[in-house]
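Single-letter residue listing:
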Amino acid sequence: MTRWLITGAGGMLGRDLTEVLEESGPAEAVTALTRRELDITDLEAVRAAVAGQDVVVNAAAWTDVDGAETEEAAATRINGEGVRVLAQACAEQGTVLIQVSTDYVFAGDADEPYPHDAPTAPVNAYGRSKLAGELAVAELLPERGYVVRTAWLYGAHGRNFVSTMLGLAEQRESVDVVDDQRGQPTWTRALARQLRDLGESAVAGKAPAGVYHGTASETATWFDLARAAFELTGLDPERVRPTTSERFVRPARRPSYSVLAHERWAEAGVAAQPHWREQLAEALRSMSDTKTKVKTEGNAENKAEDPAEGGRPRA
């Protein structure tokens, strides 16, 4: 029985990961701690939480991308120094650490998918803070540390682009969405399943340590994603109109190309994620089947940006 610790368990990804792990094995094997229950910058508290665990998945993070531009030290304290504390505790106790990172460690100016070992060059404070966490994992856990970069997340338990688009559909006749940023829309539950499989493979000694890219297969623009969400929920996709990023200027610069390569999953014996549209269809079906709606509230672990039309939400 693999024993799991999830930090940041109150956020969008943390909640899905908790559910996926509890569905896969005994609930007592999963310890899920929210930000209020565990401050990842507190070394003694982290040491106590890590004790007896086989795998730690860190889903706790500063995710306010624009806010990081004026509060970079605060963002780095969580995304960099907090990850270093987790890595130190895991190194002391021989525990696997899976650190959830971001496409924002790249400049976003490529024209083909970024491989896991591509040079990093973050263009904003948030990306720099997350890169600091990646470097801490590589330094302190060369044999037991895993960094999983993800992007364009949406899910049932947090504010995100898909929920915002469907909310706007109830308020407006049409919505304008940027069509000049390309990435891989990723359902948090699909990522959670992949993180579960990676953790099990790591404990079994079958997954090489290092960086992996945890995003959906194939690519889309925000405009493509919005149209698909409309279509799959029975709305007229023609109500979604394309526009450019110039109409939605934000304090932090955004990468225009956030496509990540998935070649390393085969080395770990873990399947790559499905096509983004397949994920979206399953996500919308699951919410419909349980008679729930995508929540738009943020929370401490999932303080996504206000994803106004054309905005670049984080999760």
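Conventions we followed
Residues numbered from 1 in each chain as written. Predicted model: local features only at pLDDT ≥ 70, side-chain atom pairs only at ≥ 80, totals over all residues. Heavy atoms only, no water. Helix = DSSP H or I, 4+ residues; strand = E, 2+ residues; numbered from the N terminus. Rg over C-alpha atoms; globule rule 2.2 N^0.38 Å. Buried < 20%, exposed > 50% of the residue type's maximum accessible area, 1.4 Å probe, protein only. Areas by Shrake-Rupley, 256 points an atom, 1.4 Å probe, with all protein chains shown as cover. Phe/Tyr/Trp six-rings, centres within 6.5 Å; stacked < 30°, edge-to-face > 60°. Polar contact = N/O pair within 3.5 Å; in protein donor to acceptor, adjacent residues only side chain to side chain. Expected span 1.5 Å × (residues − 1). Axes fitted to C-alpha atoms, helices over the stretch in contact; angles between N-to-C directions. Parallel < 35°, antiparallel > 145°, perpendicular 65-115°, else oblique. Left-handed = near helix turned anticlockwise from the far one by under 90°. Contact = heavy atoms within 4.5 Å. Nonpolar A, V, L, I, M, F, W, Y, C, P; charged D, E, K, R; others polar. Core = buried A, V, L, I, M, F, W, Y, C linked by side-chain atoms within 4.5 Å. pLDDT = per-residue confidence, 0-100.

J.: What is the right way to look at the overall build of the protein chain in this model?
T.: In terms of helices and strands, the protein chain carries ten helices and twelve strands. Relative to a compact globule of 315 residues, whose C-alpha radius of gyration would be 20 Å, the protein chain shows 18 Å and is just as compact. Taking the principal axes of its C-alpha atoms as reference, the protein chain extends roughly 55 × 40 × 35 Å. Relative to its 315 residues, the protein chain shows a buried fraction of 57%. Here the protein chain has roughly 12700 Å² of accessible surface; of this, 48% comes from carbon and sulfur atoms.

J.: What is the right way to look at the packing of aromatic side chains in this model?
T.: Where two aromatic rings form a pair, the distance of their centres and the angle of their planes describe that pair. Scanning the entire structure with this criterion turns up seven aromatic pairs. Plain terms: the ring middles of Y114 and Y257 are 6.4 Å apart, the flat faces sit at 55° to each other, and that makes the pair tilted. One end of the pair, Y114, is in the loop between β4 (96-102) and α5 (125-140); the other, Y257, is in the loop between β12 (240-243) and α9 (265-268), and 143 residues separate them in sequence. By relative accessible area, Y114 is classed as buried at 8%. According to the relative accessible area criterion, Y257 is buried, its value standing at 14%.

J.: Would you mind showing me how to read the side chain of R254 here?
T.: Tracing the backbone through its elements, the reader meets R254 in the loop between β12 and α9. On the accessibility criterion, R254 (12% relative accessible area) is buried. Here D66 takes part through its side chain, which lies 2.7 Å from a polar atom of the side chain of R254. A polar atom in the side chain of R254 sits 2.6 Å from the backbone oxygen of A252.

J.: Looking at this structure, I do not really get α5. What am I missing?
T.: Counting along an α-helix, one turn takes 3.6 residues, and residues three or four places apart therefore face a common direction. Here α5 spans 23 Å end to end across 16 residues, near enough to the 22 Å set by a 1.5 Å rise per residue. Between the side-chain oxygen at the start of α5 and the backbone nitrogen of Y126 there is a gap of 3.4 Å, and the oxygen is on N124.

J.: Would you mind going over unusual backbone geometry with me for this structure?
T.: It is generally the case that most residues other than glycine have a negative phi and that most peptide bonds are trans. The backbone of W152 shows a phi angle near 50°, a positive value even though the residue is not glycine. Looking at the element boundaries, W152 is found in the loop between β5 (145-150) and β6 (153-154). Since its relative accessible area comes to 2%, W152 is described here as buried.

J.: Is there a simple way to think about the packing of helix α2 (residues 43-50) against helix α4 (residues 72-93) in this case?
T.: Two measures define how a pair of helices packs: the angle their axes make with one another and the distance between the axes. Running from N to C, α2 and α4 cross one another at 45°; their axes reach a closest spacing of 9 Å. With respect to α4, the element α2 is oriented oblique. When the axes of α2 and α4 are compared, the crossing they make is right-handed. Residues L43, V46, R47 and V50 of α2 touch α4, and the partners they reach there are V85, L86, Q88, A89, C90, E92 and Q93. Taken together, the residues that form the contact of α2 with α4 break down as seven nonpolar, two polar and two charged.

J.: For this particular structure, what's the right way to read the side chain of R264?
T.: You can see R264 is positioned in the loop between β12 and α9. Classification of R264 by relative accessible area gives buried; the value is 9%. Among the polar contacts listed, one links the side chain of R264 to the backbone oxygen of A209, at a separation of 3.4 Å. Non-local contacts of R264, meaning those with residues more than four positions away in its chain, are made with H116, P208, A209, G210, V211 and Y212.

J.: Which parts of the structure should I look at to understand the nonpolar core?
T.: Here is a general trend for soluble globular proteins: nonpolar side chains tend to be buried in one another's company. Among the nonpolar cores identified, the biggest contains 29 residues, and V162, M165, V177 and L280 are the most heavily contacted of them. Contributions of two or more residues to this core are made by α6 (161-169), β7 (175-178), α8 (222-232) and α10 (276-289). If one sorts the elements of this core by residue count, α8 sits on top with seven residues. V162 has contacts with Y154, L225, A229, L280 and L284, leaving out every residue within four places of it along the chain. Among the nonpolar cores identified, the runner-up in size contains 28 residues, and V55, V100, A192 and W265 belong to it.

J.: Looking at this structure, how should I read the confidence of the model for the protein chain?
T.: Atomic detail in the predicted coordinates should be set aside for any region of low pLDDT. Averaged over every residue, the pLDDT of the protein chain is 92; the share at 70 or more is 91%. Contacts from residues 290-315, a stretch scored under 50 in pLDDT, to residues over four places away or in other chains number 98 contacts.

J.: Just checking my understanding: could you explain the packing of α4 against α5 for this structure?
T.: Where α4 meets α5, the axes come as close as 8 Å, and the angle between the chain directions of the two elements is 15°. As far as their axial angle goes, α5 and α4 are roughly parallel. Seen from above, α4 lies across α5 with right-handed handedness. Counted together, E72, A75, T76, N79, G80, V83, R84, A87, Q88 and A91 of α4 and A125, Y126, R128, S129, K130, A132, G133, A136, V137, E139 and L140 of α5 form the full contact between these two elements. Here the contact of α4 with α5 is built from residues that sort into ten nonpolar, six polar and five charged.

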